[in-house]
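# Remarks on the overall topology
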Amino acid sequence: MPRTQDAGSSLPPEDRTLSPFTGYGRAHWLALADQLLTDAHRFASPSGARIVLPGRPSSSGTDSDQLEGFARTFLLLAFRTAGCGGAAPAGLLQSYAEGIGAGTDPRHPEAWPALGPACRQTLVEACSLALGLHLTRPWLWDQLSPDVQGRVVGWFQGAWGLRIPDNNWHMFRVIVGEFLASVGAPHDRAEMAADLARTEEFHVGDGWYRDGGDARTADNFDHYNGWALHTYPLLWAQMAEGRTADPDLLPLLAARLRRFLADYALFFGADGAPMHQGRSLIYRFAAATAPWLGALVDATPLSPGQTRRLASGALRHFTDRGFRDRNGIATLGWYGPYPPMVQSYSGPGSPYWLSKAFLGLLLPADHPCWTEPEEPLPVERGDRIQALPAPGFLLSATRADGVVRLVNHGSDNFATGDQARQAGARGSGGPGRTAGDPHYSRFAYSTATGPRHTDAEPARPAQPDNHVALLHPDLGPSGRTRIHRLSVHDRYAASWHRPTWDGDTDPEARIETASVAWGAWELRAHLVDAPPDLPVYDSGWQIAGERPPHARSADGQATAATADGLTSSFVSLAGHTDLAVATAQGTSAFGRHTAVPYATDRRGTTRTVHVALIGLTGRGADPTPPAVQCTVNGTTVNVRFPDGTWVLVVLGEEPAQSPLLGGEPLPGRVRYARLTPGEPPVTVPGAGDRLNS
């Protein structure tokens, strides 16, 4: 992606002594915060109660959107003000104070929509308002008249008894309630306790929270784990200090954050890009919130220099690439505007949840996170493969190109009912069901690519990236919705799903997939059980650029490469008859012109096996596919990599019994095994009957 001049980006000179990787220090964060605030405030309504940004309205309507613009920029002002001892850009504190007075006055023409069932989104914004009022209490809340304070308290009372989505929203009400408690106002401690208890149920282990829902029907793991499900409970615990009866809660929450951050630093590429996976990606560098929080509450395994390098890297990544328009307003997209990736709940003010990344300003100027030199990220230290069983992810980072890849066998966001409607997922198939959200349903994501949005070119055949599908003659490729995970261990992850079309599942069809990471490459094997007249579609990474990628398919390989050297490769090892590269325009948030290497197989039997090497390499890495040896015997796949590593993967109902791998016998029943020279052997024992496990 080419670097562009961000609107209004007049920042201090770089400091390459203190910040050798990014050049950014605390002065840069303050300068950008002030720019964002002053640029947004040009769109303030006459009373200051609303920020009236241009753009399409969200599903909640323009009244809610304008409150959202106010509340989210107010949170940015709060971090900036509290972190600087009450200092803020001239006039802004007073302007926001006047806006609060007008917004909570039901007689005022710019009054905010009531916090209640008619517009539930107001609860989200109430949380930002409550947190901001808490942080700026000496300079704003304590200066408000008793009449305005009373109106604010009255407006917040709408939170109680409100029916809300069963996800991170529970913490919004808790934050509102704790602010009310802190100012001696009425609040419902019992409802807050219920919300906290429900949030506690979302924790699945290793610092990962499922973003709501029922584990039997959905697994929702994404950036909300960091910027919401860790952030709000810990900020609440700080707010509630002295009012909570559980002295062990804060240490518990801190320990979870510390465990999460031990892996989370690997979710960022060397260019500062966070992992492009999950919803609400328009919040961009809000992905840096949790690392700052870890430093704030002393719950991080990251050094101060690594914390700032991660956060400033993410901030600079988007600042350099122009995340704001010519008026300095954050756009609805990744770099520039990109409507296909925007959920219907998002409006013009929604991107300002990126304000949470400025939480780091709460660290004083003499904190080590601001004074110690930057240190390299994990991807800059060396190649690494990390299994994350809790969310069902497998991460692979390569130092040569600075790219991190995420193999997904666990997060599907297969929401139902109220939660699906609130999420506003595109392409909803049937009442209350999502139909394969591209930000969750793909087999892989990365810091350098985005999934293909097939609805961006509705007239063209859908050719999704990192996907396996059955090709129906009338309905096109099947979707991957509910992911049934099987195992995540070592370099291996596996799951199965039932193919769907327009929300309807074929009960006779089942696809099981196993992935094994090897540097920039993934061994991907599918076992397809389906009617033999349905061909298979199997694809690799989508790459994007401002010029058409160079595409080539020959000799069992299909490749595409951008002018910047990002290369996507699909190498057939077994079970494919034809290979090609699908090109399009407008299907990626990363660039105008896109390409996806893929293969098809005409199939002829009910059960078929399809094996490929899927590669994503960036500039600095060798895009040549590794020369591997692959044999397929029934549902057992054996592969030898160039470094002498042998891998065995067994698909289907029964594991292998005492198989041979690289001439070595493996005892017992085996699902997966890896033999690497100089390392202890790794095996995943197998159980039978995985058809519906």
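Everything in this summary refers to the structure shown in the same document.

### Details of the overall build of the protein
- Counting its regular elements, the protein contains 14 helices and 30 strands.
- Expressed as lengths along the three principal axes of its C-alpha atoms, the size of the protein is roughly 80 × 55 × 50 Å.
- Every one of the 693 residues in the protein was classed for burial, and the buried ones make up 64%.
- Looking at the protein alone, contacts between residues at least 24 apart form 67% of all its contacts between residues at least 6 apart.
- In the structure as shown, the protein presents an accessible area of about 23600 Å², 52% of it carried by carbon and sulfur atoms.

### A look at the nonpolar core
- In this structure, F156, F267 and F358 are the most contacted members of the largest nonpolar core, which totals 139 residues.
- In terms of residue count, the dominant contributor to this core is helix α8 (residues 224-239) (10 residues).
- Ignoring sequence-local partners within four residues, the contact set of F267 consists of W208, A273, P274, M275, L388, F393, L395, L406 and T447.
- Listed in part, the 25 residues of the second largest apolar core include V516, L523, V682 and V684.

### Things to note about unusual backbone geometry
- We note that D502 has phi near 50 degrees; this positive angle belongs to a residue other than glycine.
- At D555, a position not held by glycine, the phi torsion is positive, near 55 degrees.
- Structurally, the position occupied by D555 is in the loop between β17 (550-554) and β18 (557-561).

### Focus: the sheet that holds strand β3 (residues 384-388)
- With antiparallel pairing, four strands are arranged side by side in an open sheet as β3-β4-β5-β6. Each of the sheet's edge strands pairs with one partner strand only, and the pair in question is β3 and β6 (444-446). With direction set aside, neighbouring strand axes in the sheet form an average angle of 20 degrees.
- Looking at chain direction, strand β5 (residues 403-408) and β6 are connected through three bridges and run antiparallel. Its bridge partner lying in β6, V407 is registered against A444.

### Examining the pattern of salt bridges
- Taken as a whole and judged by the stated rule, the model has 37 salt bridges.
- Of the charged contacts, one joins E375 and R381 as a salt bridge, the two residues approaching to 3.7 Å between their closest N and O atoms.
- One connected set of salt bridges, linked through shared partners, spans E14, R16, R316 and D320.

### Some details on helix α1 (residues 26-41)
- Helix length check: α1 (16 residues) gives 22 Å between terminal C-alpha atoms against 22 Å at 1.5 Å per residue, within 8%.
- Most of α1 is tucked away, with 12 of its 16 residues classed as buried.
- For α1, every residue scored as buried is listed here: R26, H28, W29, L30, A31, L32, A33, Q35, L36, L37, D39 and A40.
- Against the buried residues of α1 lie α2 (62-82), α3 (92-103), α10 (289-296), α11 (304-321) and α12 (368-371).

### Observations concerning α3
- With 12 residues, α3 should cover 16 Å at 1.5 Å per step; its first-to-last C-alpha distance of 16 Å lies within 8% of that length.
- Extensive coverage of α3 is indicated by the burial of 10 of its 12 residues.
- When we look at burial in α3, the residues that qualify are L92, L93, S95, Y96, A97, G99, I100, G101, A102 and G103.
- Looking at the buried residues of α3, the elements they touch are α1, α2, α4 (121-135) and α5 (146-156).

Reading guide: rules and limits
Residues numbered from 1 in each chain as written. Predicted model: local features only at pLDDT ≥ 70, side-chain atom pairs only at ≥ 80, totals over all residues. Heavy atoms only, no water. Helix = DSSP H or I, 4+ residues; strand = E, 2+ residues; numbered from the N terminus. Buried < 20%, exposed > 50% of the residue type's maximum accessible area, 1.4 Å probe, protein only. Contact = heavy atoms within 4.5 Å. Areas by Shrake-Rupley, 256 points an atom, 1.4 Å probe, with all protein chains shown as cover. Core = buried A, V, L, I, M, F, W, Y, C linked by side-chain atoms within 4.5 Å. Pairing = 2+ DSSP bridges. Axes fitted to C-alpha atoms, helices over the stretch in contact; angles between N-to-C directions. Salt bridge = Lys/Arg side-chain N within 4 Å of Asp/Glu carboxyl O. Expected span 1.5 Å × (residues − 1).

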